[in-house]
Structures are given as C-alpha cells and as structure tokens.
Amino acid sequence: MDVKIINPFLTASAFVFKTMFGIEATSGAPYLMKRTIGGHSWEISGILGLTGEFDGIIALRLHKVLAKKMLERSGLYYKDEETREELESGMIAEVANVISGNAISAVKDFMLDIAPPVVIYGKDHTIAWPKGYPIIGIPYTTSLGPFEVDVCFKEHGF
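What counts and what doesn't
Residues numbered from 1 in each chain as written. Predicted model: local features only at pLDDT ≥ 70, side-chain atom pairs only at ≥ 80, totals over all residues. Heavy atoms only, no water. Helix = DSSP H or I, 4+ residues; strand = E, 2+ residues; numbered from the N terminus. Buried < 20%, exposed > 50% of the residue type's maximum accessible area, 1.4 Å probe, protein only. Polar contact = N/O pair within 3.5 Å; in protein donor to acceptor, adjacent residues only side chain to side chain. Contact = heavy atoms within 4.5 Å. Core = buried A, V, L, I, M, F, W, Y, C linked by side-chain atoms within 4.5 Å.

Asker: Got a minute to help me understand the side chain of glutamate 88 in this structure?
Answerer: Of note, glutamate 88 is situated in helix H3 (residues 81-106). Accessibility expressed as a relative area gives 3% for glutamate 88, which makes it buried. Here the side chain of glutamate 88 touches arginine 84 through a polar contact of 2.8 Å, side chain to side chain. Those residues in contact with glutamate 88 that lie beyond four places of it in its chain are Ile44, Lys64, Ala67, Lys68, Leu71 and Tyr121.

Next comes the structure, spelled out in structure tokens:
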C-alpha cells in the first residue's frame, strides 16, 4: 500500500483528536493486519467506504471508555442513556468522517471519495474486509485510552 495514502491518515488522526477533543494521540508503527473473524478487543468501529482510484474501507476503532471521554470533552450534553448513545454514535461517525476527509484532502495525487460512515458496537464484532485487499492497522495511544485507524484499500489501476 502506498505511503502517500497511509501517511495522511497518520497525521489526520492525531490532528483530529487534538483539535476536536484536546486529546494528544501518539501513533505507533503501522502494521499489516491478519484477516480474522473477531479476535480483537475493540468495542466500537466507525466505518466508511472509500471509492475513486482506490477503493476499500477505513475504520476508526476504539473502546467505550474512550468514546465516553470524547463525548464529555465535546461539550454535548444528554438527558438520558438513549440520547447519550445517539450522540456517541453520531460523534464516532463524524470523527471517522473528519479523519478520512482530512487525510483524503492531503492526498493530491489521487482522486478519492468517501461514503457516509456507519458505526458498529459490540466486543469482538467482525468487519468483513474486502478479500484480497491489504489491511493496515495504525495504533494510537492517548492518556484516555488507545484507538486504532485501519485502512483497507487497493488501487484500481485504471
């Protein structure tokens, strides 16, 4: 996978967490993920599709504890649990969207578009990654807990 595509996600993720929530995020080394069913500890994934000269999936993956802290720092208030869940889901979708939008804006050499995000909850949930596409995991640490941005796409080769 082209570093011209991966590096903007590294930068965008840390930038978005800092500017939206005041959370310093430090990236670890990107790694090639194995295509497995479950077997992870993430409780929430904000997922969106990527189309254009590349196609695939981008996922923001995190734990409920970090999502709750992000919601607290966002300044959004809620009256009940149902409203909190709606706000949290919308926030995670928007963060995945903003990270992807910022990263794609930084990629000048390729024509890329993103699809609207969806959010999946549940410990050990499964993402059906496109077969034959590499999956790159980019881990991050913060003082409030870890998260990961996973990019899974390949070039069409028009």
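Asker: Help me out: how do you make sense of the nonpolar core in this one?
Answerer: In summary, soluble globular proteins display a tendency toward joint burial of nonpolar side chains. One finds Phe9, Phe17 and Leu60 to be the most contacted residues of the largest nonpolar core, which totals 38 residues. At the level of elements, helix H1 (3-21), strand S3 (44-52), strand S4 (54-62), helix H2 (64-74), H3, strand S7 (135-141) and strand S8 (147-155) are the ones that each hand at least two residues to this core. Among the elements that take part in this core, H1 stands out by supplying 8 residues, more than any other. In this view, phenylalanine 9 contacts Ile58, Ile99, Ser100, Ala103, Ile138, Tyr140, Val149, Val151 and Phe153; residues no more than four positions away in its chain are not counted. Membership of the second largest hydrophobic core comes to 9 residues, among which are Ile47, Ile57, Ile127 and Cys152.

Asker: What should I look at first to understand the environment of leucine 32 in this one?
Answerer: Here leucine 32 is to be found in strand S2 (residues 31-32). A sequence separation of 119 residues divides leucine 32 from valine 151, and the C-alpha atoms of the two residues are 9.9 Å apart. Excluding anything up to four places from it in sequence, leucine 32 contacts Pro134, Ile135 and Ile136.

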